Amino acid sequence: MAESQTTGERILVVGPSWVGDMVMAQSLFKTLKGRRPGCSIAVLAPGWSQPILARMAEVDEAIGLDVKHGEFGWGARQALALSLRGRFDHAIVLPRSWKSALVPFLAKVPRRTGFTGEQRFLLLNERRRLDKTLLDQTVKRFVALGLPEGEAARGDFAIPQPRLEVDAVNLARLKAEHGLGERPAIAMMPGAEYGPAKQWPLEHFRRLAEQLIDDGFEVRVMGGPKDVEAGEAIVSGLSQAFNLCGRTQLADAVDLLADCRQAVTNDSGLMHVAAAVGIRVQAIYGSSSPRYTPPLSDNARIHTLALTCAPCFERTCPLGHTHCLKQLAPERLFRAIREESLA
């Protein structure tokens with residue numbers, strides 16, 4: 001039986017703390033807007049996520065909660081909760097931690113939904129059991145919390161694909177500022193916050209960049225401040241190769257990626273951003289699995305060797321060789337890009 005539609009329902013979503021997960025959470029926002037016409041959605045999340053939330057048409061308000069990593073931040077959470085009292089009818093808590101459910105509880109949101117975990121019995125009054133067999137992807141778990149419990153438990157519901165809005169004015173500014181756009185562009189994202197077992201070797205990115213430039217492409221290496229050195233290792237001495245790592249903001253990455261023909265990327269937050277702007281994604285998987293966190297796009301190709309030791313889901317290779325990535329040759333990615341560029 002379908003859940004009744006409540007016009008004007010005020011929903012607070014406690015969002016995740018990773019870029020990729022925040023992009024995937026848009027599938028939940030789309031589901032809520034489709035199922036509950038007239039509802040408003042506010043997302044409670046770290047301040048860094050506000051630029052990405054601003055690119056989601058479904059999000060009516062972004063509420064920042066900046067607590068340092070490892071810090072409980074009781075005072076900040078309590079003050080924020082007091083300011084939110086009386087504003088929401090329903091809270092959906094995506095993270096499974098105890099502290100993530102605290103603000104909706106202190107804000108006295110009448111209905112508080114989330115998966116069981118970390119002794120949240122008091123904090124949540126609509127607790128869901130997580131069946132990891134049926135809800136075998138992060139995005140499925142997010143969307144399930146926005147559905148009636150019976151429907152969610154079946155695990156066969158639709159997953160709307162994320163789609164981020166693009167700012168053409170900002171894109172034009174960025175291209176002029178960085179001297180981009182003389183050739184069709186291919187993006188490269190060498191970073192992966194989780195660890196080196198998810199990172200394709202830099203020498204492979206470098207070799208692929210050389211091949212692409214020889215073939216008439218421009219290469220844009222994208223990432224955060226931590227990826228600056230990796231970007232330099234890829235572009236150093238190459239014409240038509242640009243290291244944009246640490247030189248752009250997250251919202252800029254949305255626009256710059258939308259302008260690219262394709263993206264070559266590790267399983268990372270920027271992979272999900274690339275998928276959400278609709279470009280062709282060449283996604284590389286080593287220690288992680290495309291079954292759990294795939295790019296949510298019909299325009300993506302997965303590259304994995306499916307070795308017997310993978311996926312191990314470790315930050316560093318427990319066997320010390322990272323064959324799952326090193327043995328995935330740059331020529332394979334070059335062929336895939338050329339095939340789809342000529343199609």
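Since we're looking at a predicted model, the values are computed, not measured. (Residues numbered from 1 in each chain as written. Predicted model: local features only at pLDDT ≥ 70, side-chain atom pairs only at ≥ 80, totals over all residues. Heavy atoms only, no water.)

Let us now look at the side chain of lysine 198. Mapped onto the secondary structure, lysine 198 falls in the loop between β7 (185–189) and α8 (202–214). Looking at lysine 198, the relative accessible area reads 13%, which means it is buried. Within the local environment of lysine 198, its side chain forms a polar contact with the backbone oxygen of aspartate 267, the two atoms lying 3.1 Å apart. Filtering out sequence-adjacent residues up to four positions away, lysine 198 remains in contact with Ala192, Asn266, Asp267, Ser287, Ser288 and Leu325. (Helix = DSSP H or I, 4+ residues; strand = E, 2+ residues; numbered from the N terminus. Buried < 20%, exposed > 50% of the residue type's maximum accessible area, 1.4 Å probe, protein only. Polar contact = N/O pair within 3.5 Å; in protein donor to acceptor, adjacent residues only side chain to side chain. Contact = heavy atoms within 4.5 Å.)

Moving on, we get to the domain arrangement of the protein. Each domain of the protein was delimited in the assignment, giving domain 1 (10–153) and domain 2 (168–342). One C-alpha centre belongs to domain 1, the other to domain 2; they are set 30 Å apart. Counting from both sides, the interface comprises 15 residues of domain 1 and, opposite them, 15 residues of domain 2. When domain 1 packs against domain 2, close to 1,300 Å² is buried across both sides, 68% of that on carbon and sulfur atoms. Three residues stand out in domain 1 for area buried against domain 2, namely Met24, Arg55 and Gln137, and they jointly supply 34% of the buried area on that side. At the boundary of domain 1 and domain 2, one finds one salt bridge. Across the pair aspartate 255 and arginine 55 runs a salt bridge whose closest N-O atoms are separated by 2.7 Å. On inspection of domain 1 and its partner domain 2, the count reaches four residue pairs in polar contact (both at pLDDT 80 or more). (Domains from an automatic or database assignment. Buried area = accessible area lost by both parts, 1.4 Å probe. Salt bridge = Lys/Arg side-chain N within 4 Å of Asp/Glu carboxyl O.)

Turning next to the pattern of salt bridges. The final tally for this structure, using the stated rule, is 24 salt bridges. A salt bridge links lysine 30 to glutamate 58; the shortest N-O distance between them is 3.3 Å. Of this pair, lysine 30 sits in helix α1 (residues 19–35) while glutamate 58 sits in the loop between α2 (50–53) and β3 (61–64), and the two are 28 residues apart along the sequence. Under the relative-accessibility criterion, glutamate 58 is labelled buried at 10%. Notably, a salt bridge pairs aspartate 156 with arginine 154, separated by 3.8 Å at the nearest N-O pair. Residue class for aspartate 156 comes out exposed when judged on its relative accessible area of 57%. Connected through shared salt-bridge partners, Lys175, Glu218, Arg220 and Asp259 make up one network.

Further remarks concern unusual backbone geometry. Note: most peptide bonds trans; most residues except glycine with negative phi. The linkage connecting alanine 310 with the following residue, proline 311, adopts the cis geometry, with an omega of -5°. Tracing the sequence through the fold places proline 311 in the loop between β12 (300–303) and α12 (323–326). Not every positive phi belongs to a glycine, and alanine 306 is a case in point at roughly 50°. Looking at the secondary structure, you find alanine 306 in the loop between β12 and α12. Judged by relative accessible area, which is 64%, alanine 306 ranks as exposed. Despite not being glycine, threonine 322 shows a phi value in the positive range, around 50°.

Moving on to the layout of surface pockets. Each pocket or cavity is described by its volume, and for the second largest pocket that value is around 170 Å³. Lining the second largest pocket are Phe115, Arg128, Arg129, Asp131, Leu134, Leu135, Ala144, Glu149, Ala152 and Ala153. The element best represented in the lining of the second largest pocket is helix α6 (residues 149–154), accounting for three residues. Looking at side-chain class alone, the lining of the second largest pocket contains six nonpolar, no polar and four charged residues. (1 Å grid on protein atoms, 1.4 Å probe; cavity = no way out; pocket = protein on both sides within 12 Å on 5 of 7 lines; lining within 4 Å. Points joined across faces, edges and corners; volume = space filled by probe spheres on them. Nonpolar A, V, L, I, M, F, W, Y, C, P; charged D, E, K, R; others polar.)

Per-residue confidence for the protein gives a mean pLDDT of 93; residues scoring 70 or more make up 96%. Confidence over residues 1–6 falls short of pLDDT 50; this stretch has nine contacts with residues more than four positions distant or in other chains. (pLDDT = per-residue confidence, 0-100.)

Here six strands make up an open sheet; going across it, the order is β9-β8-β7-β10-β11-β12 and the pairing parallel. Every interior strand has two partners, whereas the edge strands, β9 (241–243) and β12, have only one. The sheet shows a mean angle of 15° between the axes of neighbouring strands, direction not considered. Where strand β10 (residues 262–266) and strand β11 (residues 280–284) come together, five bridges link them in parallel fashion. Within β11, the position partnered with threonine 265 by the bridge is alanine 283. (Pairing = 2+ DSSP bridges. Axes fitted to C-alpha atoms, helices over the stretch in contact; angles between N-to-C directions.)

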